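# Per-entry structural report
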Amino acid sequence: MTHLYKSVPIRSSEITPKEVFLSRRDFIKAAGVIAGSVALAACAPEAAESTSESTTNDEVRPVFADELGNPANTYEEITTYNNYYEFSTNKEAVAPLSKDFTTAPWTVEVTGMVNKPKTFGVEDLLSMFTQEERIYRLRCVEAWSMVIPWNGFSLASLLKEVEPTSDAQYLRFETVYRPEEMKGQGSPFYPWPYQEGLRIDEAMNDLTLLATGVYGETILPSNGAPIRLVVPWKYGFKSIKSIVKIELTDVRPNTLWSTVAPNEYGFYANVNPNVDHPRWSQASERRIGELTRRETLMFNGYGEQVADLYADMDLSLHF
Ligand SMILES: Nc1nc2c(c(=O)[nH]1)N[C@H]1C(S)=C(S)[C@@H](COP(=O)(O)O)O[C@H]1N2
Ligand SMILES: [Mo]
């Protein structure tokens, strides 16, 4: 499965700055402009090479892509179009409202049914566990999606460190509660702090990530700094941001969304194009940055890695 964790191999001459993670075609166009403007200069071999390639190969080959070949969304899209109700219910308002959020010092308490409970500083988590890049699709239940190059480490590696007891069946995650800084937490409509949960085998799955970065940069508050969960085969609301506590337990945890609207948001929330949300069809989705809708994939395209987890469940009954 290593192919999931690596960006598409590229030559160094094709690397573009973070602000312009362009598709290959766009890159070639951009390079063409440069080559054109310095046509008589002898010092533009890379641009010249790319330009000549464009005449023989117009295929879109993105610099960052998922394992299905979908180009990653831009850094701008990923960091400024966000669901984060602690700050705002308006996706474009989250980035400006969260930009000065205090993310250091920060600790994550891992507690409950474990042999070695421990409170980790985020800097410990970064140094203790192998950091990886994983380019994942994120599918929101509102039927939009993105492709995001995360940096982080597997939740399984953290669990190995704290040693869950044989009684532990679930994980309960909690977001920080800090209403002075998170004005949305003043809203009486939601049972703050945000909580989420996973079954322990879901948490141990190799895909399940604790993310601390995006595109190689330290994660921004709008994406859940300093540390957030990423569970790519489930609807985005499972991927809880700004985690301060992880509790191992033998009871299925309540989650913020299943408390607010139990008929709309289930515990499992596996991406499933065949089971509609009461207010939205889940059959297709709008990839941010694209003009035409695309079909939603079962388990968001990660069935090979996770379908076994649900072998004895009737998925049509579960939202
Ligand atoms: N604490 C917290 N975590 C959260 C949310 C939130 O409002 N608060 N929104 C969720 C939803 S609905 C989605 S789609 C993803 C969005 O993640 P992104 O903004 O990094 O793309 O975060 C999830 N995690
Ligand atoms: Mo979402």
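In this report, the structure presented in the accompanying data block is examined. Keep in mind that what you see is a predicted model, and the values were worked out from it rather than measured.

## Notes on helix H6 (residues 155–162)
Within the sequence span of H6, burial applies to Leu155, Ala156, Leu158, Leu159 and Val162. Down the axis, H6 shows its buried residues gathered within 160 degrees of arc, on one side only. Immediately beyond the C-terminal end of H6, within one or two residues, lies Glu163, with a positive phi of roughly 55 degrees.

## A short note on the pattern of salt bridges
Evaluated as defined, the whole model comprises 16 salt bridges. For Lys238, the salt bridge goes to Glu196, with nearest N and O atoms at 2.7 Å. Taken together, the residues span a long stretch of sequence, with Lys238 in the loop between strand S9 (228–230) and strand S10 (243–249) and Glu196 in strand S6 (residues 195–199) at a distance of 42 residues. Taken individually, Lys238 and Glu196 each receive the classification buried, so the pair is uniform in this respect. Across the salt bridge formed by Lys234 and Glu202, the nearest N and O atoms sit 2.8 Å from each other. In this pair, Lys234 sits in the loop between S9 and S10 while Glu202 sits in helix H7 (residues 200–204), placing the two residues 32 residues apart along the sequence. Take Lys234 and Glu202: they sit in the same class, and that class is buried. Three or more residues joined by partner-sharing salt bridges are found here, namely Asp66, Glu67 and Arg137.

## With respect to the nonpolar core
By size, the foremost hydrophobic cluster in this structure holds 82 residues, and its most contacted members are Leu155, Leu158 and Ile246. For this core, the element with the most residues is strand S4 (residues 144–154), which contributes 6 residues. With near-sequence residues (within four places) excluded, Leu158 lies in contact with Val110, Phe120, Leu125, Phe129, Phe153, Leu210 and Ile246.

## Brief notes about unusual backbone geometry
The residue after Ala104, namely Pro105, is reached through a cis peptide bond having omega -5 degrees. Within the fold, Pro105 resides in the loop between helix H4 (91–98) and strand S1 (107–112). Despite not being glycine, Ala143 has its phi angle at roughly 75 degrees, a positive value. Residue position: Ala143 is located in the loop between strand S3 (132–139) and S4. In this structure Ala143 comes out as buried when scored by relative accessible area, which is 8%.

What counts and how
Residues numbered from 1 in each chain as written. Chains lettered and ligands numbered in written order. Predicted model: local features only at pLDDT ≥ 70, side-chain atom pairs only at ≥ 80, totals over all residues. Heavy atoms only, no water. Buried < 20%, exposed > 50% of the residue type's maximum accessible area, 1.4 Å probe, protein only. Helix = DSSP H or I, 4+ residues; strand = E, 2+ residues; numbered from the N terminus. Arc of directions from axis to C-beta. Salt bridge = Lys/Arg side-chain N within 4 Å of Asp/Glu carboxyl O. Core = buried A, V, L, I, M, F, W, Y, C linked by side-chain atoms within 4.5 Å. Contact = heavy atoms within 4.5 Å.

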